[in-house]
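# Coordinates in review
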Amino acid sequence: MDNQVEKNISIMYLRVIATAFIFIDHALAYTDMPGKSIIIQITNSGVLIFLMISGFLYGGKTIGDMVGWLKNRVLRLYIPYFIFIIVYYLCMFVQGKFVLKSFLTYLFMFQGILGTENGPHTLWFMTLLLMCYCLIPLLQFIRKYIDENKIAFNSVYFAVCVLLLFILQIMLAYNCNKTMAVGQYLSW
């Protein structure tokens, strides 16, 4: 029991840190402070910390009804998002700044791929979040396959895999010019 409480407290602390990072990142973006780019490079990882926490938490669960789970998650994500997008673009329409392409891009959560021009720039991560939700069934299938076939992961194998992924990410970071919105390279 103590271990479970300790994990929850650790995750809670990580969430607080990630939230503070996101707040600082957005607050500094509008200032002209010396050295702000260095701070933003660190605090820009807040969204990624939240994604890692989610991956950690979902990685430890087995989801029985994958279709129902995915439907529930997408609806919980999409309903408030949809309401915001409708209100936002109604305001843009009233101001005479409505752009149909931008509206459709945001409506179908493609802003992380197609760009955030003429829209609420800070919602670029919704595309990434939706993509992560769609990857969970594949990851669950791989986990089930590994468990059923009793494939053992020793620490050396795991370390080599992590090292190879790290090298791949560095290579992509310097050679991949495909980006999510606002300069977030796909390689990360």
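I will try to describe carefully the structure that is included in this document. Note that the structure is a prediction, hence the values are computed from the model and not measured.

Thresholds, definitions, all that
- Residues numbered from 1 in each chain as written.
- Predicted model: local features only at pLDDT ≥ 70, side-chain atom pairs only at ≥ 80, totals over all residues.
- Heavy atoms only, no water.
- Buried < 20%, exposed > 50% of the residue type's maximum accessible area, 1.4 Å probe, protein only.
- Helix = DSSP H or I, 4+ residues; strand = E, 2+ residues; numbered from the N terminus.
- Contact = heavy atoms within 4.5 Å.
- Phe/Tyr/Trp six-rings, centres within 6.5 Å; stacked < 30°, edge-to-face > 60°.
- Axes fitted to C-alpha atoms, helices over the stretch in contact; angles between N-to-C directions.
- Parallel < 35°, antiparallel > 145°, perpendicular 65-115°, else oblique.
- Left-handed = near helix turned anticlockwise from the far one by under 90°.
- Nonpolar A, V, L, I, M, F, W, Y, C, P; charged D, E, K, R; others polar.

### Things to note about helix H5 (residues 100-107)
- Taken together, the buried positions of H5 are occupied by Ser 102, Phe 103, Thr 105, Tyr 106 and Leu 107.
- In this structure, the buried residues of H5 make contact with helix H4 (66-94) and helix H6 (111-114).
- Of the residues one or two after H5, Met 109 is the one with positive phi, at around 60°.

### Focus: the packing of aromatic side chains
- Scanning all chains against the criterion turns up 10 aromatic pairs.
- Here Tyr 89 and Phe 103 contribute two aromatic rings whose centre-to-centre distance is 5.4 Å and whose plane-to-plane angle is 75°, an arrangement assigned as edge-to-face. Of this pair, Tyr 89 sits in helix H4 while Phe 103 sits in helix H5, placing them 14 residues apart in sequence. By the burial criterion, Tyr 89 is buried, and Phe 103 matches it.
- An aromatic cluster is built from Phe 84, Tyr 88, Tyr 89, Phe 93, Phe 98, Phe 103 and Tyr 106, whose rings are joined through pairwise contacts.

### What to know about the packing of helix H3 (residues 46-59) against helix H7 (residues 125-148)
- Orientation of H3 relative to H7, taken along the N-to-C sense of each, is 25°, at an axis distance of 11 Å. Put simply, H3 runs roughly parallel to H7. The element H3 and its partner H7 pack so that their crossing is right-handed. Across the interface between the two elements, Val 47, Leu 51, Tyr 58 and Gly 59 of H3 pack against Phe 125, Leu 128, Leu 129, Cys 132, Tyr 133, Ile 136, Gln 140 and Arg 143 of H7.
- Classifying every residue of the contact of H3 with H7 by side-chain character gives nine nonpolar, two polar and one charged.

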